[in-house]
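Listed below, chain by chain, are the residues.
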Amino acid sequence: MNAFGMVIVGAGETGARAAEQLREQGWTGKITLVGKEKEAPYERPPLSKAALLAEETPTPVYVAREERLGELNVDWIAGSVAVRIDRSAHAVHLEDGRAVPYERLLLATGASPRRLAMEGADLSGALCLRTFADALAIRERLVPGNRVLIVGAGFIGLEVAASARERGCEVTVLEVGPRILMRVLPPEIAAIVEERHRRAGIAFKLGTGIVGAAREGAWHAIKLADGEVLRGDTLIVGIGAAPETALAAESGLAIDNGIAADERLATSDPDIFAAGDCCSFPHRLYGGRRFRLEAWRNAVDQGIHAAKSMLGETAPYEAVPWFWSDQYDLTLQVAGLSHDATSTATRQSAGNTIVFHQDGAGRLLAASGVGAPSLAKDIRVSEMLIARQAVLDPAKLADPDVKLKSLLAD
Ligand SMILES: Cc1cc2nc3c(=O)[nH]c(=O)nc-3n(C[C@H](O)[C@H](O)[C@H](O)COP(=O)(O)OP(=O)(O)OC[C@H]3O[C@@H](n4cnc5c(N)ncnc54)[C@H](O)[C@@H]3O)c2cc1C
């Protein structure tokens, strides 16, 4: 390693964890952390939950405050966009003309909300949620009696719906798919979540696309494919996020549903790594199939892993994916990935429901649960079973009298 040091682009969850880990691993050279946002790295999960519910104006929950970055001797360049990578000169060029030389570079550029695009539609004033500033703007609108239209019944749309309802808004969730949480959860679990939302007073319009949008003074008028027009004074769009790949693509790095990384999280340039929401990587547990994950723990773990890889470690990244969501008093947790599952077994106990996803050979691929926080224990054991690629009897998985832990010995 020479004096060029380590450079991280993206001062979010992944970037901050990577910077910390480089020091923890004993790297004493220069570390530069370049971030588009002016805030020090902060947690995004509270943005759709606690930040929207806060009585007083909230402050971010920081991953690493400015003082902490100082203690770590991290050169944090805030409010600055990296616009180009000169791979032959090993330098990242910033918007303001500066060039930051690197020995090894980590791209931790995250993802950006997908926008609704429709010819002739007036979507001015529509809000989305990714940054702390977005959360503040949405929170301002969540006053009792406001009529909130939310486009998208994925995790973020539903978390915002729950928060808006808890703040006394009238909420309608619009979803083009036939049910909520279509991409991420099995129907049994989604049905429990939907029922909880309906009980809280949320209205759903499912299975109907949006064909137009107009402004009528302060109101948004959203025209649905079935001809109905819904009006709201607040429009929030939560239709997923696209990986931030422009910088990587422009510099000729391979892109494949995100910045394409290998199992160590190295990109197609061995001195450049990618981690977190912006990258896809092959997962050993799923036959080397390539995934891109948008989940808090993945951002933490990949930040840590990428830091070690930057320092020369060769271990593959193979953590079992894990995701959680909180809506009202419900906790949702998913371990593993169910894409290749051919069957499910459902366990119900103490108000918790867990759906286990298995492949044709009976191997446990994923577990999706909903219920009380006590669910976490069983999901944790499921993670261990998934990591071991355990082949399990579905009858035992479904039987609440069989302790999941006992299956670890099978
Ligand atoms: C509202 C919300 C709620 C969530 N809730 C949950 C949850 O309950 N459970 C869960 O598991 N996960 C949740 N997540 C997902 C989790 O927060 C993300 O997976 C995680 O933040 C990803 O971290 P990251 O560092 O990869 O990306 P980010 O946190 O997006 O950080 C990337 C940073 O890079 C910056 N950047 C991008 N391009 C450049 C550039 N060219 N130059 C400089 N800087 C750049 C961006 O501005 C950004 O600050 C939630 C996400 C959101 C948005």
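Here the structure is shown first, and the text comes after it.
Here the residue numbering is sequential within each chain, running from 1 through the sequence in written order. Only residues with pLDDT of 70 or above have their local features reported here, since the model is predicted, and side-chain atom pairs are shown and tallied only from 80 upward, although totals for entire chains, interfaces and linings are computed over all residues. The side-chain figures draw on all heavy atoms in the structure; neither hydrogens nor water molecules are used.

A. Expanded view of the site of the ligand. Taken together, 34 residues are adjacent to the ligand, and Glu37, Arg44, Lys49, Arg130 and Asp277 come closest. Each polar contact in these results corresponds to two N or O atoms within 3.5 Å; when the atoms are within protein, one needs to be able to donate a hydrogen and the other to accept it, and residues that are neighboring in sequence are counted only if both atoms are side-chain atoms. Asp277 has a polar side-chain atom sitting 2.7 Å from an oxygen atom of the ligand. Bound to the protein, the ligand loses 95% of the 1,000 Å² it would expose on its own. Segments assigned H or I by DSSP are reported as helices when at least four residues long, segments assigned E as strands when at least two residues long, and all are numbered from the N terminus. Counting residues per element, the ones that place at least two in the shell around the ligand are helix H1 (13–24), helix H5 (155–166), helix H8 (296–310) and strand S21 (322–327). The residue classification treats Ala, Val, Leu, Ile, Met, Phe, Trp, Tyr, Cys and Pro as nonpolar and Asp, Glu, Lys and Arg as charged. All others, Gly included, are polar. Here the shell around the ligand is built from residues that sort into 16 nonpolar, nine polar and nine charged. Whether a residue is near a molecule or strand is decided by its heavy atoms; if any one of them lies within 4 Å of it, the residue is near. The method behind every accessible area is Shrake-Rupley, applied with a 1.4 Å probe, and residues are considered shielded solely by the protein chains displayed.

B. Structural context of the nonpolar core. Judged by nonpolar contacts, the single largest core of 55 residues is most densely connected at Ile8, Leu106, Leu385 and Leu397. Of all the secondary structure elements, the ones that give two or more residues to this core are strand S1 (6–9), H1, strand S2 (31–34), strand S3 (74–77), H8, strand S24 (352–358), strand S25 (364–371) and helix H9 (375–387). In terms of residues, this core owes the most to one element, H9, which gives five residues. Throughout, the edges of the domains are those of an automatic or database domain assignment. The residues that make up this core include at least three from each of domain 1 (2–112 + 242–310) and domain 3 (329–409). If we ignore the near neighbours within four places in the chain, the residues touching Leu397 are Ala345, Arg347, Phe356, Gln358, Leu364, Leu392, Leu404 and Leu407. Residues enter a nonpolar core if they are buried and are Ala, Val, Leu, Ile, Met, Phe, Trp, Tyr or Cys, with the set joined through side-chain atoms within 4.5 Å. Relative accessible area decides the class of each residue, using a 1.4 Å probe on protein chains only: under 20% of the type maximum gives buried, over 50% gives exposed, and in between gives partly exposed. Of all hydrophobic cores here, the second largest spans 36 residues; its members include Tyr42, Leu52, Phe132 and Val193. Any two residues whose heavy atoms approach within 4.5 Å at even a single point are treated as in contact.

C. Spotlight on the sheet that holds strand S13 (residues 219–224). A pair of strands is labelled paired if DSSP reports no fewer than 2 bridges between them. Pairing is antiparallel across the open sheet formed by three strands, whose spatial order is S12-S13-S14. This sheet does not close on itself; its edge strands, each paired only once, are strand S12 (210–216) and strand S14 (229–232). On average, each strand axis in the sheet is tilted by 20 degrees relative to the strand beside it, whichever way the strands run. Sheet topology places S13 next to S14; four bridges connect them, and they run antiparallel. Bridge pairing in S14 places His220 opposite Gly232. Working convention: axes come from line fits to C-alpha atoms, limited for helices to the stretch in contact. Angles between N-to-C directions cover 0 to 180 degrees.

By themselves, these are just geometric observations and shouldn't be taken as functional.
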